[in-house]
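Each chain, letter by letter, is given below.
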Amino acid sequence: MGFARTCSVALVGVEGVVVEVQADLEPGVAAFTLVGLPDKSLSESRDRVRAAVVNSGGEWPQKKLTVGLSPASVPKAGSGFDLAVACAVLGAAERIDPRVLAEIVMIGELGLDGRVRPVRGILPAVLAAADAGYEQVVVPECAAAEASLVPGVSVLGVRSLRQLIAVLTDEPVPEEEPDGHGRPDPLLAGLRVPGAGAATGMHGGGAQQPDHDLADVVGQTSARTAVEVAAAGGHHLFLEGPPGAGKTMLAERLPAVLPRLTRQESLEVTAVHSVAGLLPPGKPLVEAAPYCAPHHSATMQSLVGGGQGVARPGAVSLAHRGVLFLDEAPEFHSQTLDALRQPLESGHVVIARSAGVVRFPARFLMVLAANPCPCGRFSQRESLCDCPPSAIRRYQGRLSGPLLDRVDLRVEVDPVTRAQLTAPGAGGESSAAVADRVRTARERAAARLAGTPWGTNSEVPGRELRSRFHAAAGAMDEAARSLERGVLTARGLDRVLRVAWTVADLVGHDRPDAGDVCLALQLRTGVPRGVPMALGAPA
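About the thresholds
Residues numbered from 1 in each chain as written. Predicted model: local features only at pLDDT ≥ 70, side-chain atom pairs only at ≥ 80, totals over all residues. Heavy atoms only, no water. Helix = DSSP H or I, 4+ residues; strand = E, 2+ residues; numbered from the N terminus. Buried < 20%, exposed > 50% of the residue type's maximum accessible area, 1.4 Å probe, protein only. Axes fitted to C-alpha atoms, helices over the stretch in contact; angles between N-to-C directions. Parallel < 35°, antiparallel > 145°, perpendicular 65-115°, else oblique. Left-handed = near helix turned anticlockwise from the far one by under 90°. Contact = heavy atoms within 4.5 Å. Nonpolar A, V, L, I, M, F, W, Y, C, P; charged D, E, K, R; others polar. Core = buried A, V, L, I, M, F, W, Y, C linked by side-chain atoms within 4.5 Å. Pairing = 2+ DSSP bridges. Salt bridge = Lys/Arg side-chain N within 4 Å of Asp/Glu carboxyl O.

**Details of the environment of I104**
Now for step 1: Along the chain, I104 falls in strand β5 (residues 104-106).
Now for step 2: The exposure class of I104 is buried, given its relative accessible area of 6%.
Now for step 3: Measuring from C-alpha to C-alpha, the distance between I104 and D131 comes to 14 Å, with 27 residues separating the pair along the chain.

**Details of the packing of helix α8 (residues 221-233) against helix α18 (residues 431-448)**
Now for step 1: As a packed pair, α8 and α18 sit with axes 8 Å apart at the nearest point and diverge in direction by 40°. Between α8 and α18, the crossing angle belongs to the class labelled oblique. Note on packing geometry: the crossing formed by α8 with α18 is right-handed. Every residue of α18 that contacts α8 at E228, A231 and A232 is listed here: V434, R437, V438, A441 and R442.
Now for step 2: Considered class by class, the residues forming the contact of α8 with α18 number 5 nonpolar, no polar and 3 charged.

**What to know about the nonpolar core**
Now for step 1: Counting residues in each nonpolar core, the largest one holds 54 residues, and the members touching the most others are L237, V367 and L523.
Now for step 2: The dominant element in this core, judged by the number of residues it contributes, is helix α21 (residues 490-507), at 8 residues.
Now for step 3: Filtering out sequence-adjacent residues up to four positions away, L237 remains in contact with A226, V227, M366, V367, L368, V407, L409 and V411.
Now for step 4: Formed by 38 residues, the second largest nonpolar core is a distinct cluster that contains V53, L69, V85 and L164.

**Some words on the pairing of strand β12 (residues 323-326)**
Consecutive residues of a regular strand have side chains that alternate between opposite faces of the sheet.
Now for step 1: Neither face of β12 is left uncovered, since the one carrying V323 and F325 and the one carrying L324 and L326 both have all their residues buried.
Now for step 2: The pairing of strand β11 (residues 291-292) with β12 spans 2 bridges and is parallel. Bridge pairing in β12 places C292 opposite L324.
Now for step 3: Pairing of β12 with strand β15 (residues 365-370) involves 4 bridges; the strand directions are parallel.

**Structural notes on the pattern of salt bridges**
Now for step 1: Counted by the stated rule, this structure contains 29 salt bridges.
Now for step 2: Among the ionic pairs, D405 bridges to R491, the shortest N-O distance being 2.9 Å. With D405 in the loop between α16 (401-404) and β16 (409-412) and R491 in helix α21, this pair connects stretches of sequence that are 86 residues apart.
Now for step 3: Linking D405 and R524 is a salt bridge whose minimum nitrogen-to-oxygen distance equals 2.8 Å. Of this pair, D405 sits in the loop between α16 and β16 while R524 is found in helix α22 (residues 514-525), placing the two residues 119 residues apart along the sequence. When sorted by exposure, D405 lands in the same class as R524, which is buried.
Now for step 4: The network of salt bridges with common partners includes E345, D405, R406, D408, R491, R495 and R524.

As structure tokens, this is what we get:
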């Protein structure tokens, strides 16, 4: 009787579980049985593995073969177990020393000719292996850079099963010529799934376009200030204004103002994008804040995650540590928008299915954009709108009160005049200048919040704001009166205080004063309170 075991990783969301792949050979009628809750694609690995072993020069054992995936209670999905199954079978057949395989984690799909293809989720799988104490990992050659992001793990990238067998048996490693002769490598198809992310508005791995600069935005002093405050404190933003006023321009330039991701944040974002199949070849680490802009026809599953079979991350998770822009927000389905309440508060999404519960990270900066009415021309100063009052109320009522109560900043974006467009030097400050102030404000907040589990002002709970981080004496009087008049809710009062701390960090105050709180109130309610809106150089 022959027996061998090696390891692979099963992904549940972005979390991995190390799976022991066991192969047992017994005398009897030749058969191949795979047990351990495999899905359809994993069950088909029996044919892929057999063909790959034979075409790699190996001899398929003509005995009763049983391959078990342990723990058997964890559902296994995908083709990433192929490499481990093939090596376990070869170990049981004594083609490879079983003792060599026991402490190695193998991840990869096998082609019928023995080539090793990449699969989605390499980074979270290697992270799970490292957390479990494994130090050696075998992955496809084109995914080795992604696996090498995990410290303390020795990564071996192989292009074919033939190469891996030679390495494990101390034989000369054969050279594998790349295919294509100038054409794209077909093995890279597993890293970037065609069309993946199209429904969420993500292209190019979430990288922000380099030519998006705030200097292109003409006028809009209030909206530019709101974008700066949102970036400095991680506050959600609502932009309301007529078509063509610049709402989308402002949202697209927000990621360029955000600070670069830290190493831990980059690994979190990369893990989500790896599971979703959005990592571009050659760029395994996402270092810039992602930007995700789903169309208003997006379903709830595409926005928050889910789908049939294995749950996939949605737009809120793909925008983790970045920006989620919902243009034409009232056109989204009301239930889809209300599904955002939980991730806005908790910073993660929990998807419950009959097969289990999946948890995805979802700490993002949300930007809502909307027209004031169906025709878009409604204004307090001009009467160009043809919509009846009932249509305006119905249109504005599509955004529920509980959702808007979670938005810290609400700004009206006015249309740009001809004089503003044609004036010399019409553009405002560049993204680089604003990003410097944002970075300084974030550093002040990080120093104040050192030793706490929070990193930005928007994450601090209200009770901590009231008990540990006090504003200047009398600074909150105007906000308290707004609460008594019903203009603010209790949650709204806490959010005003959070925004006031961000404003204080931007202007260099040790604590928010009355002017900082009034500006925060003006940004929260949209009601002018006689305070200047510009924080930096005048536009």
